[in-house]
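Coordinate analysis (summary)
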Amino acid sequence: MAKQLPAVLKNYNVFVDGDSYAGTAKTIELPEIVKKTEEYRGAGMIGDIDLDMGFEKMESTITYTGVDSRHFAQLAKCGVSDLPIRYVGAYERQDICKHVIREVYMRGSLKEFQLGEMELGSINEQELLYGVTYLKVVDDGFELCEIDFVNGICILGGVVRHRIDGLEIHGC
């Protein structure tokens, strides 16, 4: 059996509040998914264990080039889930020359807007930090992950781990 080679990011785009940032989004740091745990040791146990208590907060950072007045409108969004952010990346598998499309859907709010260091004759950068309350990761149409802090939804690899709307509650 042949070894699988890594998929290489060939192109991507970022959409914030429905606007495309093709050409100006330089980098994006997608959220880190970290389980929140609490250490526990009860009677009869000979060691500590970590109890699953949900998730730590999520954040995403996007670095933009140039200046863009649309960032100020992002700051004006009021709710914790009012700002939609979408990443679409085309990854090429180097062993079979097939593309995988990864889409990452997020909702949240703009937390930090660094106006950046301006230097004459250079491509200036602005870094924006977003608080993320909703995350969905999709590869070629297959949903890998959906985490919604506000609505109490956690679906991982197609398995419903937590759903507060009365359908299923298994703990995530």
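Scroll up to find the structure this text is about.
This report concerns the structure included in the present document. (Residues numbered from 1 in each chain as written. Predicted model: local features only at pLDDT ≥ 70, side-chain atom pairs only at ≥ 80, totals over all residues. Heavy atoms only, no water.)

Notes on the overall build of the protein chain
Counting secondary structure elements, the protein chain contains one helix and twelve strands. Along its sequence from the N terminus, the protein chain presents helices and strands in the succession β-β-β-β-β-β-α-β-β-β-β-β-β. Computed over C-alpha atoms, the radius of gyration of the protein chain comes to 19 Å, more than 25% over the 16 Å expected from 2.2 N^0.38 for 172 residues, which places it beyond the range of a compact globule. Seen through its principal axes, the protein chain has C-alpha atoms that stretch 70 × 50 × 35 Å. Burial status across the protein chain gives 34% buried among its 172 residues. Residue pairs in contact within the protein chain that sit at least 24 positions apart in sequence constitute 57% of those at least 6 positions apart. As displayed, the protein chain has an accessible area near 10600 Å², and 53% of this comes from carbon and sulfur atoms. The protein chain carries 18 positive and 28 negative side-chain charges, and their two centres are separated by 5 Å. (Helix = DSSP H or I, 4+ residues; strand = E, 2+ residues; numbered from the N terminus. Rg over C-alpha atoms; globule rule 2.2 N^0.38 Å. Buried < 20%, exposed > 50% of the residue type's maximum accessible area, 1.4 Å probe, protein only. Contact = heavy atoms within 4.5 Å. Areas by Shrake-Rupley, 256 points an atom, 1.4 Å probe, with all protein chains shown as cover. Lys, Arg positive; Asp, Glu negative; His and termini not counted. Charge placed at Lys NZ, Arg CZ, Asp CG, Glu CD.)

With respect to the environment of tyrosine 12
Summarising the element assignment, tyrosine 12 is placed in strand 1 (residues 7-16). For tyrosine 12 and lysine 26, which are 14 residues apart along the polypeptide, the C-alpha to C-alpha distance reads 10.0 Å. What tyrosine 12 contacts, discounting residues up to four positions off in sequence, is Ala25, Lys26, Thr27, Ile28, Tyr87, Val88 and Gly89. Within the structure, the side chain of tyrosine 12 is placed 3.2 Å from the backbone oxygen of alanine 25, a separation counted as a polar contact. A polar side-chain atom of tyrosine 12 sits 3.5 Å from the main-chain amide nitrogen of threonine 27. (Polar contact = N/O pair within 3.5 Å; in protein donor to acceptor, adjacent residues only side chain to side chain.)

Comments concerning the nonpolar core
One finds Val14, Val16, Ile62, Tyr64, Met106, Tyr130 and Leu135 to be the most contacted residues of the largest nonpolar core, which totals 24 residues. Elements that contribute at least two residues to this core include exactly strand 1, strand 3 (25-29), strand 6 (58-65), strand 7 (83-93), strand 8 (98-114), strand 9 (125-139) and strand 10 (142-148). Tallying contributions element by element places strand 9 first for this core, with five residues. Leaving out residues up to four positions away in the same chain, methionine 106 has contacts with Ile28, Leu30, Pro31, Ser60, Leu83, Pro84, Ile85, Val132, Tyr134 and Leu135. (Core = buried A, V, L, I, M, F, W, Y, C linked by side-chain atoms within 4.5 Å.)

Thoughts on unusual backbone geometry
In this structure, cysteine 97 is a non-glycine residue whose phi angle is positive, near 55°. With respect to the secondary-structure elements, cysteine 97 resides in the loop between strand 7 and strand 8. Residues other than glycine seldom take positive phi values, yet aspartate 140 does so here, at roughly 45°. Tracing the backbone through its elements, the reader meets aspartate 140 in the loop between strand 9 and strand 10. Judged by relative accessible area, which is 44%, aspartate 140 ranks as partly exposed.

Digging into the packing of aromatic side chains
Across all of its chains, the model carries four aromatic pairs by this definition. Arginine 70 extends its terminal NZ or CZ atom over the ring of tyrosine 21, reaching a point 4.0 Å from the ring centre. Cation over ring: arginine 107 sits above tyrosine 134, and NZ or CZ is 4.0 Å from the ring centre. (Phe/Tyr/Trp six-rings, centres within 6.5 Å; stacked < 30°, edge-to-face > 60°. Lys NZ or Arg CZ within 6 Å of the ring centre and 35° of its normal.)

Read these as geometric descriptors, not functional statements.
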